[in-house]
There are 2 protein chains.
Amino acid sequence: MEVTRANFKDSLSTVYSAIEEADFLAIDGEFSGISDGPNVSALTNGLDTPEERYMKLKKHSMDFLLFQFGLCAFKYDSTLSKYIIKAFNFYIFPKPFNRTSPDIKFICQSSSIDFLASQGFDFNKVFRHGIPYLNHEEEAQLREQTEERRNQQANGVGSNNFISPPKSVTCVPEEHKDFINMVVEKVEALFTNTEKTVELEPCTGFQRKLIYQTLNWKFPKGIHVETIETEKKERFIQICKVDDEERKRREQQKLEREQEELNDAVGFSRVIHAMAKSGKLVVGHNMLLDVMHTIHQFYCLLPEDLQDFKEVTKYVFPRILDTKLMASTQPFKDLITNTSLAELEKQLKGKPFKSPAVDAAEGFPSYDTAHDQLHEAGYDAYITGLCFISMANYLGTFLTPPKAHLSVRSKLIEPFINKLFLMRIIDIPYLNLTGPDLQPKRDHVLYVTFPKEWKTSDLFQLFSAFGNIQVSWLDDTSAFVSLSQTEQVQIAMNTSRYAESYRIQTYAEYMQGKQRDKDKTGQASSHSHWGEDSWLKPHYRPLGKRSISPVPAEQGAGETSITDGWTHYAQEDSTGRKKIKTDEMRAQTYAGVVDSKTSEGWLKTQPTSDSPAVSPEQDTDGESPEHTEPTNADEGMETWQQPPSKKGKNGRKNKKRMRASGRIEMVGKGATDFRKI
Amino acid sequence: MEVTRANFKDSLSTVYSAIEEADFLAIDGEFSGISDGPNVSALTNGLDTPEERYMKLKKHSMDFLLFQFGLCAFKYDSTLSKYIIKAFNFYIFPKPFNRTSPDIKFICQSSSIDFLASQGFDFNKVFRHGIPYLNHEEEAQLREQTEERRNQQANGVGSNNFISPPKSVTCVPEEHKDFINMVVEKVEALFTNTEKTVELEPCTGFQRKLIYQTLNWKFPKGIHVETIETEKKERFIQICKVDDEERKRREQQKLEREQEELNDAVGFSRVIHAMAKSGKLVVGHNMLLDVMHTIHQFYCLLPEDLQDFKEVTKYVFPRILDTKLMASTQPFKDLITNTSLAELEKQLKGKPFKSPAVDAAEGFPSYDTAHDQLHEAGYDAYITGLCFISMANYLGTFLTPPKAHLSVRSKLIEPFINKLFLMRIIDIPYLNLTGPDLQPKRDHVLYVTFPKEWKTSDLFQLFSAFGNIQVSWLDDTSAFVSLSQTEQVQIAMNTSRYAESYRIQTYAEYMQGKQRDKDKTGQASSHSHWGEDSWLKPHYRPLGKRSISPVPAEQGAGETSITDGWTHYAQEDSTGRKKIKTDEMRAQTYAGVVDSKTSEGWLKTQPTSDSPAVSPEQDTDGESPEHTEPTNADEGMETWQQPPSKKGKNGRKNKKRMRASGRIEMVGKGATDFRKI
């Protein structure tokens, strides 16, 4: 169902009841851009901390507009054994409510706009008919303004608010005295003749102020004064002779009208309030940006601190699940080769999964997944919901007896709740909304600074003695270099002691320096988790028995596979600066670790040793084909690829490596829709 | 004629010939916003220097997108005694050309977008079908890239460019050796069998690089290698057996194709290049922002310095005329009460003006001014051209014998050439592109700083002893206060000596301080016109006899009329900050001055003493009705208005004052289209 400003008010009760009835809600947003700063690759460094990632997205993504919001409500009908769905596609635009309301400026990114345009996105619907919105603070301000104006305009008796402060009373300037006297005469005449109403000529705001003020003082009773706006937007004053009852009735009418205008201004935010209040499970795909934008536009400006963000997220989205994280986690990660939304949806149609049975509710158009309308937010929300159901039902097959339909309240889903997928962080698969984030030990990582002329090849040369390395560029003159063996770190540090052109620090030293800078500039957050030496402590280690990973051998394999299937790029863009992506890194090393950290209760109900391990896998197949090609797909670019030095220990691994080395993934500027991955 | 990406290439020759044939061109742009910083009122302080205004517009307006460009070519047909017009309405969008081309980010301002939406603006046409563009630097970079790629890909003999630098040659990694050997075998087979062509499977950019490199080395002659892109955007390599002639032919084809792609990327900028090259008179209405955006998007990033901006403007627009400046200048200023484009067009239909006779050229749709399509750039350009013709022809009536049609090369038009209207600067009506700007003496102006709680009323109270003052807000804690008499300045300074809550400087002191700060921070421009004491020198004075103003008495009147018709506002916006506009100030004081400074030759051909004076008048009637209403048009706002202390010396003056004091003009956030004024 398409919802614009034109039908929003009429649709609202339908939306509310859809939310109330639903078993769960799926959401998706479309934005006017992704990054106004670094390119997407730089925005998503593989060794970001969750704090860093949050800060980057907050800084570089929030000035874009979420201008389409998809909401799909799923309600399970147990008699029909199918889900009944109600999909809404809201067009959003911050149309200024009046002249004092905020005049929002938002950024558009050409590549994103071009991408949406190529998908048939209707910009006219957004800009002409988008639903307005206010965040809580703006709403409060508007309510206050309305209240103040009401007090100032109050007619007749009881308007003592108006008398103070006295300094807001304006003397009638000499040249307006005739005009005001004329108005007073007209009102006096009203009391002596049979007319009930007198309408004044359109006049200026200042003159209207004088009129209100004078009449309020001269005729504290018996009249009602109101400003009317003509179709031509001219404003004039209407004065009516009224008894006390009539006056009160009119006041009441005005109050209600104002209340309605206010609600109109709050607009789409009311839908978000209803979602939050419902406490329903909200499902999204790779939804960190959706969550951030939703809170930012409709709830409150994003807090500085990640911990505060988690708090506010828990309020707006009390129960949330990210299907990309779910698909990247065992038991799904072994079954799903590509977790981009479109591919995931396709794969979940085939064995061992089952397409869920769904029907559109009466009066709601049904989407046809065969002719997809990908990147329409309503459709994407719908697809996301389908993916969730397929995966959830698959978990149900592990129960004894197996269940074909798994309730959204099932314990089996709990491990995935309130964790948001983190794109392309090598060793931290998700943001944990209800607890501390994973703190992987990065003691094989070096922080290297060098002249701005250096390219990835220079770093490879520098570290050529160490076999495979992985480079994660930070900026033109610095990068993280991950070595394959922690023992090499000390050798590298010793070697670099006399170097002049470059400088090496351990990751721990680097983080300490950063923390010191932060403390110095007084920006240290009280919530900071990065203590002086916290990086040196063995924060987590596979805990053996606590891990429920069913194939212990694979954990070992995982630990060596850190050198497996890497692909590295460097390329000059048109400004001569490096555009780099280091992707393909698989989180195998930490897979078991993640299990052990996050598996308190994960799938504990699993009765058999065939139970699937729940450990997220990083996105290795994320890019849709048009995004995986090298930026400059002609042959002039510089490309590096290190042959993997170790083979995986089993067929699956091997296959993965082959696949990884058989293709080159790159995120250039064109990868505008990286969220959809 | 609507021009989008779809028909741009086919229309280009039509556009070129329209430009070449034209007597003059009229232009107009539509933008995605006006100000990303202060509100429009703060952006246009009444006492800005031209440098300050330029810097403000550069800083706060250039991140918006010019997304519709109107060009109307006017050609006078002397046999028909009418203009034949060709109007083009170009949709512009920086669609990324390829993955290395710049991914432009631009800002949208909700109020501007909403305003355009209400006028039926077609955003889908812009974003889906907009014509791309490159500025000169981007174009040069792209040409360089193409050149480099060409060298690297060069096939067979003569490709010695490829051999150096050797470090760009990549060793074939172990795991690709089988693949590359297979390719080599295929090519070898090509030489022994009857096939002419072999097509490889789609592969990665890295693999394609290896293939190019290997084949180039193994088969320096006899084959042509090319990357083909499928409809699905997959790239594969095609290898053809060719003789030398065929190879050259193919190389040539490829070269031409690349050249064409390059031209496509330069896109709309080619129209601007053609305009610049033609040297034709370009007419616009209130066109400073149009000129700045045009240069910024299609030519080069705007220079830091105003003087450099003037230089580049002279290159891109060698001959330019602003109809708003023309309409605000004698002899028109006495005849035209409202110089907003729509109003101007209406007024120029009536006496003493004459609607020009125009016909659309064959194949071009004609606009109907009765059913206007205002704010469509092509239409606005058309209307602007009509206004120019009407005013020019009116000047022709002063000739002996009078001329009904004035050529665009007439001397009578010279005084208006290469001067751009400056919105709402009290005493500098225009930016002079071909010489130094006017430097009015501002010795009646004080710079006042005060606590941020102060409002306009506090300033009026502070200066209540001095009669009328005019307040031009700078920010929350400072404003210019113009006194009506220069002699009061010293009194004010003396009085303020012991004040604690506020501080007063003369304008000269303020400017000196600013200059010192500028010098200190090393940002002093070598072109700076604001010398240490330049403000104290009587830079210009009416030069009596040199002035051709026909009513000398009026000059005197003008000098006192500085206190005439002022209107002052202050109002709290939703964020509690002051929104102020001081408008309505008429430039009468300087009118004569401007005459004398700018009238070298102005209308010198005028034979009679009835000759019209050429002196610009500031915009007193600029706002269209929907923009003149106070921001918060209800009665709660604070408004001040000082009664004028002196009456004008003649009826006209008096009438103007009355009108001015009878209305309140204000530019709030809603005044999104202030350029159209």
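See the structure shown above.
Keep in mind the model is a prediction, meaning the values are calculated, not measured. (Residues numbered from 1 in each chain as written. Chains lettered and ligands numbered in written order. Predicted model: local features only at pLDDT ≥ 70, side-chain atom pairs only at ≥ 80, totals over all residues. Heavy atoms only, no water.)

Q: Where do I start with the overall build of chain A in this structure?
A: Summing up its helical and strand segments, chain A has 23 helices and 20 strands in all. The proportion of buried residues among the 677 residues of chain A is 61%. Carbon and sulfur atoms make up 51% of the accessible area of chain A, which amounts to about 27100 Å² in all. (Helix = DSSP H or I, 4+ residues; strand = E, 2+ residues; numbered from the N terminus. Buried < 20%, exposed > 50% of the residue type's maximum accessible area, 1.4 Å probe, protein only. Areas by Shrake-Rupley, 256 points an atom, 1.4 Å probe, with all protein chains shown as cover.)

Q: Is there a simple way to think about the sheet that holds strand E8 (residues 235-241) of chain B in this case?
A: The pairing of strands in a sheet happens through backbone hydrogen bonds and is either parallel or antiparallel. Residues and elements named next belong to chain B. Reading across the sheet, the 3 strands line up as E6-E8-E7 and stay open at both edges, with antiparallel pairing between neighbours. Each edge of the sheet is formed by a strand with only one pairing partner; in this case those strands are strand E6 (197-199) and strand E7 (223-229). For this sheet, the mean inter-axis angle between neighbouring strands, taken without regard to orientation, is 20°. By the bridge criterion, 7 bridges tie E7 to E8 in an arrangement that is antiparallel. Opposite histidine 224, over in E8, you have cysteine 240 as the bridge partner. In this fold helix H8 (residues 174-192) packs onto E6, E7 and E8, with an angle of close to 30° to the strand it touches most, E8. (Pairing = 2+ DSSP bridges. Axes fitted to C-alpha atoms, helices over the stretch in contact; angles between N-to-C directions. Contact = heavy atoms within 4.5 Å.)

Q: Help me understand unusual backbone geometry in this model?
A: The phi angle of most residues is negative, glycine excepted, and most peptide bonds adopt the trans form. The omega torsion of the bond from Thr400(A) to Pro401(A) falls at -10°, within 30 degrees of zero and hence cis. With respect to the helices and strands, Pro401(A) occurs in the loop between helix H16 (377-396) and strand E12 (419-421). Cis geometry marks the peptide bond from Gln330(B) to Pro331(B), where omega comes out at 5°. Looking at the secondary structure, you find Pro331(B) in the loop between helix H14 (323-327) and helix H15 (341-347). In this model, Asn286(A) sits at a positive phi of 50°, which is unusual for a non-glycine residue.

Q: Explain the sheet that holds strand E8 (residues 235-241) of chain A to me, please; I cannot follow it from the model alone.
A: Residues and elements named next belong to chain A. Read from one edge to the other, the open sheet built from 3 strands follows the order E6-E8-E7, with strand pairing classed as antiparallel. Two strands in the sheet have a free side with no partner beyond their single neighbour: strand E6 (197-199) and strand E7 (223-229). Within this sheet the neighbouring strands show an average axis-to-axis angle of 20°, counted without direction. Pairing analysis gives 3 bridges linking E6 to E8, with the strands arranged antiparallel. Paired with threonine 197 across the strands is cysteine 240, a residue of E8. Relative to the sheet, helix H8 (residues 174-192) contacts E6, E7 and E8, its axis offset from that of E8 by approximately 30°. The sheet strands contacting helix H9 (residues 205-218) are E7 and E8, and the helix crosses E7 at an angle near 170°.

These figures come from the coordinates and say nothing about function on their own.
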